[in-house]
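# Notes for the structure review
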Amino acid sequence: MLFSRLPYHCIPLMILLSLGAIGVSGEGRAGNDAAKVIRTELGQELARLWCRQCHVISPEGTGLAQSAVPTFVEIANRPGQTIKKTEFFLADPHPPMPNLSLTRDESLNLATYILSLKQQNGN
Ligand code: HEC
């Protein structure tokens, strides 16, 4: 047994580390609350860098309002919208939106951020 050879004080640290690894990568994906919080933060940063020149990216109105471009709040609140659907859209964008060549992680972080804007009183 691996743990029996380690000093006792290492065990809580190891458990924390392994929980973190499960949450932020691999099968945990966006399913875990802690991972969701981190992905939301990272996605918001990416949106500030790459999306706000076209989209309104926050409920406070950060970004450029253009009538042809849906705001992130609108996208999040479309009926049946999910993180998965948004992620797929980002992986395979269509004109007039430019192909941003996002990595899978970036797409997931952005999709998690966008869906965090879903209004709780809706569906
Ligand atoms: C150059 C302008 C531009 C940039 C930059 C841009 N978008 Fe878009 N985006 C658009 C336009 C225009 C549409 C509407 C496309 C349509 O109606 O088919 C759109 C649509 C979308 C949709 C979809 C919606 C749907 O119909 O369900 C999502 C999601 C989206 N953008 C996410 C992003 C994210 C995330 C970024 C930053 C990584 C980004 N966009 C950057 C112009 C842009």
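Everything that follows concerns the structure shown earlier in this document.
Residue indices begin from 1 for each chain and proceed along its sequence in written order. Totals for whole chains, interfaces and linings use all residues, but because this is a predicted model, local features are given only for residues with pLDDT of at least 70 and pairs of side-chain atoms are given and counted only at 80 or more.

### Some points on the packing of helix H4 (residues 83-91) against helix H5 (residues 104-115)
- Where H4 meets H5, the closest approach of the two axes is 8 Å, and the angle between their N-to-C directions is 135 degrees. The angle between H4 and H5 falls in the class oblique. Once H4 is placed against H5, the crossing between them reads as right-handed. Each of Ile83, Thr86, Glu87, Leu90 and Ala91 in H4 lies in contact with H5, whose residues at this interface are Ser107, Leu108, Leu110, Ala111, Thr112, Ile114 and Leu115.
- Looking at the contact of H4 with H5 residue by residue, the classes come out as 8 nonpolar, 3 polar and 1 charged. Axis definition: a line fitted to C-alpha atoms, limited for helices to the stretch in contact. Angles are taken between N-to-C directions and run from 0 to 180 degrees. Comment: elements are numbered from the N terminus, with helices defined as DSSP H or I runs of at least four residues and strands as E runs of at least two. We call two directions roughly parallel when the angle between them is under 35 degrees, roughly antiparallel when it is over 145, roughly perpendicular when it lies between 65 and 115, and oblique otherwise. The crossing is said to be left-handed when, going from far helix to near helix, the turn is anticlockwise and less than a right angle, and right-handed when the turn is clockwise. We call two residues in contact when their backbone-placed C-beta atoms lie within 7 Å. Side-chain classes follow a simple rule in which Ala, Val, Leu, Ile, Met, Phe, Trp, Tyr, Cys and Pro form the nonpolar group, Asp, Glu, Lys and Arg form the charged group, and the remainder, Gly included, forms the polar group.

### Digging into the site of the ligand
- For each residue, a C-beta atom is positioned from the backbone; the residue is called near a molecule or strand if that atom sits within 6 Å of it. Not every one of the 20 residues close to the ligand is listed here, only the nearest: Trp50, Cys51, Cys54, Met97 and Leu110.
- Counting residues per element, the ones that place at least two in the shell around the ligand are helix H2 (33-50) and H4.
- When grouped by side-chain class, the residues that make up the shell around the ligand number 16 nonpolar, 4 polar and no charged.

### Re H2
- Helix length check: H2 (18 residues) gives 25 Å between terminal C-alpha atoms against 26 Å at 1.5 Å per residue, within 8%.
- Buried residues along H2 sit in contact with H5. A helix is expected to span 1.5 Å for every residue after the first.

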